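Here's the letter readout for the chains.
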Amino acid sequence: MALRLQWTGVLSGLCFAAGRVLSLDGGKKPLVGLMGLLFVLFTIASFAIGAAWLRRSRANAELLAPGSQPFGSGLATAGWLVPGLSIVLRWPLMLGLWRGSGVRGVPVLIHVWWGASLAATILGVLTQAHVLGSAAGLTAAGLTLLHSALFAVAVRLITARQVEALDLPPARPAPDTPAPENRAPEERADSVTP
């Protein structure tokens, strides 16, 4: 789930940035529209997968450090999914996950991620309202890419720390791959042939 969240988040940021850059040249409207559509689709997928990841990660963080999460599960989910509220609540949610999971180091990554998110949102709105010019739009695109990349790193670090601390099993093998005990003896790596 974490890997899917990372990919959808990064692809969403890439589509946004590509659409912003392509919009500078007025003749590329079909491509801008395609990037906009892909951005919306990847963002919706990212929000849905992110809500499931948040629910699981929040429960894991509570197991590791009871009482460490700043909000109940309902407000946490609303803070993740509701536009406007998410701008304010995602930062303490991710900080709670970082700290509750016991990720080593100062959470500078979370602070920079949230700062990039906030700055990209403000610049994007002001650019769309034609208050700021194309340079601000390009800056918003760059900040969106930074935000997406930092989020992918944060998800990886939090998930890896929880897997390590809770001694969770590794990711399941692909559905078409038989488990080692179900393979024929000649296919098993641990089998001894006479």
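Keep in mind that what you see is a predicted model, and the values were worked out from it rather than measured.

### Considering the pattern of salt bridges
Side chains bearing opposite charge may pair, as long as their charged atoms lie close to each other.
So, point 1. Throughout the structure, instances matching the rule amount to two salt bridges.
So, point 2. The salt bridge involving Arg-104 is made with Glu-164; its shortest N-O contact spans 3.6 Å. One end of the pair, Arg-104, is in the loop between helix 4 (85–101) and helix 5 (108–128); the other, Glu-164, is in helix 6 (residues 134–166), with 60 residues separating them in the sequence.
So, point 3. Put simply, Arg-161 and Glu-164 hold a salt bridge, and the shortest N to O gap is 3.1 Å. Highlighted residues: Arg-161 and Glu-164, both in helix 6, separated by three residues, approximately one helical turn.
So, point 4. If you follow the salt bridges from partner to partner, you end up with Arg-104, Arg-161 and Glu-164 in one network.

### Here's the deal with the layout of surface pockets
So, point 1. Its volume calculated, the largest pocket comes out at about 810 Å³.
So, point 2. As for the largest pocket, its lining consists of 31 residues, of which Phe-39, Thr-43, Phe-47, Thr-121 and His-147 are closest to the centre.
So, point 3. In terms of residue count, helix 5 provides more of the lining of the largest pocket than any other element does, nine residues in total.

### Quick notes on the nonpolar core
So, point 1. Ranked by size, the top nonpolar core spans 25 residues in total, and within it Trp-53 and Met-94 carry the most contacts.
So, point 2. Breaking this core down by element, the ones donating at least two residues are helix 1 (2–22), helix 2 (29–64), helix 3 (73–81), helix 4, helix 5 and helix 6.
So, point 3. Top contributing element to this core by residue count: helix 4, with six residues.
So, point 4. With residues near it in sequence (within four places) discarded, Met-94 still touches Trp-53, Trp-80, Ile-110, Trp-113, Phe-151, Ala-154 and Ile-158.
So, point 5. By size, the runner-up hydrophobic cluster in this structure holds six residues, among which are Ala-116, Leu-123, Ala-140 and Leu-143.

Rules behind the numbers
Residues numbered from 1 in each chain as written. Predicted model: local features only at pLDDT ≥ 70, side-chain atom pairs only at ≥ 80, totals over all residues. Heavy atoms only, no water. Salt bridge = Lys/Arg side-chain N within 4 Å of Asp/Glu carboxyl O. Helix = DSSP H or I, 4+ residues; strand = E, 2+ residues; numbered from the N terminus. 1 Å grid on protein atoms, 1.4 Å probe; cavity = no way out; pocket = protein on both sides within 12 Å on 5 of 7 lines; lining within 4 Å. Points joined across faces, edges and corners; volume = space filled by probe spheres on them. Core = buried A, V, L, I, M, F, W, Y, C linked by side-chain atoms within 4.5 Å. Buried < 20%, exposed > 50% of the residue type's maximum accessible area, 1.4 Å probe, protein only. Contact = heavy atoms within 4.5 Å.

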